[in-house]
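Summary of structural features
Here is what each chain is made of, one letter per residue.
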Amino acid sequence: MFETQGAPAKKARYLIHATGGAPLADFLALADVDPEITVVDVIGPRDQPHTAVVEISPDKARVLELHFRSTGTPSHQLTIEPDQPLSLFDRELPDPI
């Protein structure tokens, strides 16, 4: 995806999840001062959230994913994934009625 000069990249929603007790608070402090990151919601106990919903560009998501992989250990890291809408019904199953 290329940006035209002066036009911001289209943002999408991603989930940042703390695994194994990783400090999500450190990421939230960074997000607070990074203009490329918009925190939409924080999930979990108020004093120890485990997931953040953020709006960022796909390029920023790739940068964060590489950073998380290089700085964490498998049992103590942050992960990132696209936020997928939930559906009440599975569209691939035939209608039971």
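Just so it is clear, the model here is predicted, and its values are computed rather than measured.

Before going further, it helps to examine the overall build of the chain. From N to C terminus, the chain includes two helices and four strands. Taken from N to C terminus, the helices and strands of the chain fall in the order β-α-β-β-α-β. Here the chain holds 97 residues, and the buried ones make up 28% of them. Across the chain, the fraction of contacts at a sequence separation of at least 24, relative to all contacts at a separation of at least 6, is 65%. Of the roughly 7500 Å² that the chain leaves accessible, carbon and sulfur atoms contribute 57%.

Our focus in this paragraph is the pairing of strand S3 (residues 51-56). Counted residue by residue, S3 has five buried out of six residues, so it is predominantly covered. Sheet topology places strand S1 (residues 12-19) next to S3; six bridges connect them, and they run antiparallel. Of the residues in S3, the one forming a bridge with Tyr 14 is Val 54.

Pairing in this open sheet of four strands is antiparallel, and the strands run S2-S3-S1-S4 from one edge to the other. Sheet topology places strand S2 (38-43) and strand S4 (77-82) at the edges, where each strand pairs with a single neighbour. Between one strand axis and the next, the sheet turns by 25° as a mean value, whatever way the strands run. Judged from the five bridges that link them, S2 and S3 form a sheet pairing that is antiparallel. Directly across from Thr 38, in S3, lies its bridge partner Glu 55. Across the sheet, helix H1 (residues 24-33) touches S1, S2, S3 and S4, and the angle it forms with S3 is around 25°. Against the sheet, helix H2 (residues 58-71) touches S1, S3 and S4, its axis set at about 155° to S4.

In this description, a pair of aromatic rings is defined by centroid distance and the angle of the planes. In the structure shown here, the tally under the stated rule is one aromatic pair. An angle of 75° between the planes, with centres 6.0 Å apart, marks the rings of Phe 27 and Phe 68 as edge-to-face. Taken together, the residues Phe 27 in helix H1 and Phe 68 in helix H2 connect sequence positions 41 residues apart.

The rules behind these values
For every chain, the first residue of the written sequence is number 1, and numbering continues from 1 along that sequence. Per-residue local features of the predicted model are confined to residues with pLDDT of at least 70, and side-chain atom pairs are confined, for both listing and counting, to 80 or more; whole-chain, interface and lining totals are unaffected and use all residues. Computation of side-chain values: all heavy atoms of the structure, hydrogens and water removed. Comment: elements are numbered from the N terminus, with helices defined as DSSP H or I runs of at least four residues and strands as E runs of at least two. The rule is simple: take the accessible area with a 1.4 Å probe, protein chains only, and divide by the maximum for that residue type; under 20% is buried, over 50% is exposed, in between is partly exposed. Contacts: residue pairs with any heavy atoms within 4.5 Å of one another. Exposure was quantified through the Shrake-Rupley algorithm and a 1.4 Å probe, taking into account, for residues, occlusion by the shown protein chains and nothing else. At least two bridges found by DSSP between two strands are what make those strands a pair. Where helices are involved, their axes are fitted lines through C-alpha atoms of the stretch in contact, as for all axes, and angles between N-to-C directions lie from 0 to 180°. Pairing of aromatic rings covers Phe, Tyr and Trp, the last counted by its six-membered ring, and requires centre-to-centre distances within 6.5 Å; plane angles under 30 degrees mean stacked, over 60 mean edge-to-face, and any other angle means tilted.

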